[in-house]
Amino acid sequence: MASVPTFNKVGYTTVQNRLNCNGNVHLGNSRCLKVRIFEERAKSGFCKLVTRAVAAKPEIDISNPDWKKKIEDDFERRFNLPHLRDVLDVEPRPTTFSLKSRNPIGEGNGSLNSGWNGYVNDDDRALLKVIKFASPNSAGAECVDGDCTFIEQWVHRAGPRKMIYYEPSCVKAAIVTCGGLCPGLNDVIRQIVFTLDKYGVKNIVGIPFGYRGFTEKGLSEIPLSRHVVQNINVVGGSFLGVSRGAPSTTEIVDSIQGKGIDMLFVLGGDGTHAGANAIHEECRRRKLKVSVVGVPKTIDNDILLVDKTFGFDTAVEAAQKAINSAYIEAQSAYHGVGLVKLMGRTSGFIAMHASLSSGQIDICLIPEVSFNLNGPNGVLAHLEHLIETKGFAMICVAEGAGQELLEKSHATDASGNAVLSDIGVHLQQKIKRHFKEKGLYADVKYIDPTYMVRAVRANASDAILCTVLGQNAVHGAFAGFSGITTGTCNTHYVYLPITEVIKSTRHVDPNSRMWHRCLTSTGQPDFH
């Protein structure tokens, strides 16, 4: 038996644990906290099945000639999409969606049988991983055995199907946006409504202010139509409003049942998706014909498996203004130090990409890579070198970087996220104190553009992504899937089970080529 490393990010080291009503099961993953908080608010004590990655690595007998097939079969099983057919006796009907018709296809005609209509076959798949590594020592290598045998990991292609599982004229669809703001929310809402309309759905509503809109007194459904949402994409924010936290799963599903909702489209991050999966499981337990479909939303870009989440490109672009302002301030000052703190609680994608795109950053600090401030190889020593050699310096730091250097608050927000200590202010103070103790002058210019970055309108790249994600969410619901989310894998649009994307948080791989490119751009040394 050989001990084999886990697939990075995807993995096959999973266990299924029944979260008991006391929340006693330890799953070895901080993201379990989000599901647990979501469920502990349930007064009924309803307990759902939660799938989470664990820290322990499996023992795989690679001497078994069938080991590769077993891994691929296990992957196929885990990534099989939950469907209404799993718990209900439902029959499909020909779709009302067609690219050749201005209006939904009539009830009597069904899908057009002649020629091409742009439908996706249920058996279409896309590869999750496309690089064949030659050695475990290759940058970013993900290998099961010493030969880096290529493991085929196929996921379901997204898009409209020829057969659907709902009568569009009878469907009531709801949209909810949860968590914090993110560029592109209105674009996704708009395209969901547009696509529902093209299927022939007329009863479309928005749930105001996140999950709390299901139960909060004084909050009513917002009627949506093509006319209502026509121009909401020209501004940032959310047309429906957002909030953190939620009532219990039971209360939400009671509301869904009472309102007669058939499709629920949930826009949010991993915590929101954990809640969506709990709603999906409870609907299945009650044998309700309800499709719950997620659209991953976080500017941190920390959703597992997908190439990128909507809003990320816009956030990186918006961050350029802050970086450029800090650069001008630092360059114009005597011994200026420009310091910009960007979003990124546990993942440093925004800081890394913003540093790469600006070309002005000398030091990029992210949560995934620890660093020392003091000592001959520390950040402060390198700052001295930069001041001496070029006269000024630029630092970009993710909000979650260097938390081990700070005193923990032990507080959490309404979503269950740990309240982070302010690394930006800490660095600002440390830099000033260090240079003062050295008898040197330093003028620190600190900028925190957090709310400016996330409140802006989606740029062209994100607007396209939002458009396709919104359309595919509707296609997935009509195809009868539930408990799924939609995104891009290797540039292809796919559907993924929610249980797989909430197993852990996506992180920057310090061994990846992208992080190496960032280090090449900044020229920073190893701060250890």
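Residues numbered from 1 in each chain as written. Predicted model: local features only at pLDDT ≥ 70, side-chain atom pairs only at ≥ 80, totals over all residues. Heavy atoms only, no water.

The protein chain carries the name ATP-dependent 6-phosphofructokinase in an unreviewed UniProt entry, which gives Rhynchospora pubera as its organism. Per UniProt, the comment on the protein chain under Pathway (unreviewed entry) is "Carbohydrate degradation; glycolysis; D-glyceraldehyde 3-phosphate and glycerone phosphate from D-glucose: step 3/4." If you open the UniProt record of the protein chain and go to Cofactor (unreviewed entry), you find "Mg(2+)". (UniProt positions renumbered as here; feature names shortened; annotations may be inferred.)

### Side note on the overall build of the protein chain
Helices and strands together make up the secondary structure of the protein chain, namely 14 helices and 19 strands. Evaluated residue by residue, the protein chain yields a buried proportion of 56% over its 528 residues. Contacts spanning at least 24 positions in sequence make up 77% of the contacts within the protein chain whose residues lie at least 6 apart. (Helix = DSSP H or I, 4+ residues; strand = E, 2+ residues; numbered from the N terminus. Buried < 20%, exposed > 50% of the residue type's maximum accessible area, 1.4 Å probe, protein only. Contact = heavy atoms within 4.5 Å.)

### Points about the side chain of His 280
You can see His 280 is positioned in helix α6 (residues 270-285). One polar contact links His 280 to Ser 482, side chain to side chain, over a distance of 2.9 Å. Setting aside its immediate chain neighbours within four residues, His 280 contacts Pro 82, Val 292, Ser 482 and Gly 483. (Polar contact = N/O pair within 3.5 Å; in protein donor to acceptor, adjacent residues only side chain to side chain.)

### Observations regarding the UniProt feature "active site" (unreviewed entry) in the protein chain
The sites that UniProt annotates as "active site" (unreviewed entry) are Asp 300. Looking at where Asp 300 falls in the secondary structure, it is placed in the loop between β13 (291-296) and α7 (312-332). Once you skip the residues sitting within four places of it in the chain, Asp 300 turns out to touch Met 343, Gly 344, Arg 345, Ser 347, Phe 349 and Ile 350.

### Points about the UniProt feature "binding site: Mg(2+)" (unreviewed entry) in the protein chain
UniProt records the feature "binding site: Mg(2+)" (unreviewed entry) for Asp 270 in the present numbering. Assignment of secondary structure puts Asp 270 in helix α6. Assessed through its relative accessible area of 10%, Asp 270 is described here as buried.

### So, the pairing of strand β9 (residues 172-177)
For β9, the buried fraction is high: 6 of the 6 residues fall into the buried class. Taking every second residue as pointing to the same face, both faces of β9 are buried, with Lys 172, Ala 174 and Val 176 on one and Ala 173, Ile 175 and Thr 177 on the other. Once the chain exits β9 it traverses helix α3 (residues 185-199) before rejoining the sheet at strand β10 (residues 203-207), and the crossover so formed is right-handed. Across 5 bridges, β9 lies against strand β12 (residues 263-268) in parallel orientation. Bridge pairing links Ala 174 to Leu 264 in β12. (Right-handed = clockwise from strand over helix to strand, strands pointing away. Pairing = 2+ DSSP bridges.)

### Some remarks on the environment of Thr 522
Tracing the chain through its elements places Thr 522 in helix α14 (residues 513-522). Note: C-alpha distance between Thr 522 and Gly 359 (163 residues apart in sequence) is 7.5 Å. Once you skip the residues sitting within four places of it in the chain, Thr 522 turns out to touch Ile 361, Asp 362, Ile 363 and Cys 364.

### Remarks on the packing of α7 against helix α8 (residues 349-358)
Direction vectors running N to C along α7 and α8 enclose 60°, while the axes themselves pass 9 Å from each other. In this view, α7 runs oblique relative to α8, as classed from their interaxial angle. Every pair of crossing elements has a handedness; the one defined by α7 and α8 is right-handed. Contacts from Phe 312, Ala 315, Val 316, Ala 319, Gln 320 and Ile 323 of α7 reach α8 at Phe 349, Ile 350, His 353, Ala 354, Ser 357 and Ser 358. Taken together, the residues of the contact of α7 with α8 break down into 8 nonpolar, 4 polar and no charged. (Axes fitted to C-alpha atoms, helices over the stretch in contact; angles between N-to-C directions. Parallel < 35°, antiparallel > 145°, perpendicular 65-115°, else oblique. Left-handed = near helix turned anticlockwise from the far one by under 90°. Nonpolar A, V, L, I, M, F, W, Y, C, P; charged D, E, K, R; others polar.)

### Re the state of the cysteines
All told, the structure shown has 1 disulfide when counted by the stated rule. The side chain of Cys 143 participates in a disulfide bridge whose partner is Cys 148; the two sulfur atoms lie 1.9 Å from each other. The S-S bond linking Cys 143 to Cys 148 shows a torsion near 80°; that makes this disulfide right-handed. Judged by its relative accessible area of 11%, Cys 143 is buried. (Disulfide = S-S within 2.5 Å.)

### Side note on the side chain of Thr 309
Among the secondary structure elements, Thr 309 is positioned in the loop between β13 and α7. A relative accessible area of 1% means that Thr 309 is categorised as buried. At 2.4 Å, the side chain of Thr 309 and the backbone oxygen of Thr 298 are in polar contact. Setting aside anything within four residues of it in sequence, one finds Thr 309 in contact with Pro 296, Thr 298, Asn 301, Ile 303, Asp 462 and Leu 465.

### Considering the sheet that holds strand β14 (residues 336-342)
Strand order across the open sheet formed by 4 strands is β15-β16-β14-β17, with parallel pairing between neighbours. One side of each edge strand has no neighbouring strand; the edge strands of this open sheet are β15 (363-365) and β17 (443-447). Across the sheet, the mean angle from the axis of one strand to that of its neighbour is 15°, orientation sign disregarded. One ladder, built from 6 bridges, connects β14 with strand β16 (residues 393-398); its direction is parallel. If you follow Lys 341 over to β16, its bridge partner there is Val 397. Set on the sheet, helix α9 (residues 379-390) makes contact with β14, β15 and β16; between it and β15 the angle comes to about 160°.

### Here we look at unusual backbone geometry
Look at Lys 287: it is not a glycine, yet its phi comes out positive at around 55°. Position of Lys 287 among the secondary structure elements: in the loop between α6 and β13. Despite not being glycine, Thr 491 has its phi angle at roughly 75°, a positive value. Position of Thr 491 relative to the elements: it lies in the loop between β18 (484-489) and β19 (492-497). The class of Thr 491 is exposed, set by a relative accessible area of 62%.

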